[in-house]
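Architecture and fold: a report
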Amino acid sequence: MKLFSVFFLALSMASCMSQKIDSQNKNITFQTDKCLDDGKCTINILYNSKLEVKNDNFGNLYPEIKDGNKIVVKHQYRRDEIENIADSNYSEIILFEVDNDKIDLHLLNKNLQNVKMLYGRLCFCRGSTGYYKVEKGDLKVNFHKDKLEIDLYFEVDKIPQKINRITEIVPLK
């Protein structure tokens, strides 16, 4: 009975501690059904990672995802290729990172750079392709034990975009 009491007390104390996201989880790829009709959308949850924003020799931004102690979230829209059209590839990517202990997060506008949010438009589109910092929008992220809720509205003024809203519930198991 004493052993049961000690176990119960330890379990009770552990449940009162601040919740942390299990960084031992494997990376998760989720294909969403909330996408434009002409393509596919996926969300990747990359545990034990970090997002670095770099500049190339021409001053253009680009992301690097490396090993780290954060979680990187990547949403990608990939348009279906157009038959018999060269260079018809088109995709849009949203990237951001959160700390392992950020269970609830709400950021507005320039504060989106607290999570290093980037928007990428990758296509054969002269003058309007590349990665851009997102500084206009509203992000809500809630991690739960078995799911991740993302609610994002954003705008990038410098280039056209097809995706500007992401509302997803991603199963984490």
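Refer to the preceding data block for the structure.
Read on for an overview of the structure. (Residues numbered from 1 in each chain as written. Predicted model: local features only at pLDDT ≥ 70, side-chain atom pairs only at ≥ 80, totals over all residues. Heavy atoms only, no water.)

**Comments concerning the state of the cysteines**
- Enumeration over the complete set of coordinates arrives at two disulfides.
- The disulfide that involves Cys35 links it to Cys41, with 2.1 Å between the sulfurs. One quick way to see it: the torsion about the S-S bond of Cys35 and Cys41 is about 65 degrees, and its sign makes the bridge right-handed.
- Exposure remark for Cys35: the relative accessible area of 22% places this residue in the partly exposed category. (Disulfide = S-S within 2.5 Å. Buried < 20%, exposed > 50% of the residue type's maximum accessible area, 1.4 Å probe, protein only.)

**Focus on the sheet that holds strand β10 (residues 147-154)**
- Spatially, four strands are ordered β6-β9-β10-β11 in an open sheet, and the strand pairing comes out antiparallel. The strands lining the two open edges of the sheet, one partner per strand, are β6 (104-108) and β11 (165-171). This sheet shows a mean twist of 5 degrees between the axes of neighbouring strands, independent of strand direction.
- Relative to β10, strand β9 (residues 137-143) runs antiparallel, the two sharing seven bridges. (Pairing = 2+ DSSP bridges. Helix = DSSP H or I, 4+ residues; strand = E, 2+ residues; numbered from the N terminus. Axes fitted to C-alpha atoms, helices over the stretch in contact; angles between N-to-C directions.)

**A word on the pairing of strand β3 (residues 61-67)**
- Judged from the seven bridges that link them, strand β2 (residues 39-55) and β3 form a sheet pairing that is antiparallel. Within β3, the residue paired with Ser49 across the bridge is Asp67.
- Between the end of β2 and the start of β3, which pair antiparallel, lie five residues, with Gly59 showing a positive phi angle near 85 degrees.

**Remarks on the packing of aromatic side chains**
- All told, the structure shown has two aromatic pairs when counted by the stated rule.
- Geometrically, the ring pair formed by Tyr77 and Tyr90 is edge-to-face, given 6.2 Å between the ring centres and 65 degrees between the ring planes. With a gap of 13 residues between them, Tyr77 in strand β4 (residues 70-79) and Tyr90 in strand β5 (residues 90-99) connect regions that are remote in the sequence.
- Classification of Tyr77 by relative accessible area gives buried; the value is 0%.
- Since its relative accessible area comes to 5%, Tyr90 is described here as buried.
- Relative to Phe154, the ring of Tyr119 lies with its centre 5.7 Å away and its plane at 50 degrees, an arrangement referred to as tilted. Here Phe154 lies in strand β10 and Tyr119 lies in strand β7 (residues 118-123), a separation of 35 residues in the sequence. (Phe/Tyr/Trp six-rings, centres within 6.5 Å; stacked < 30°, edge-to-face > 60°.)

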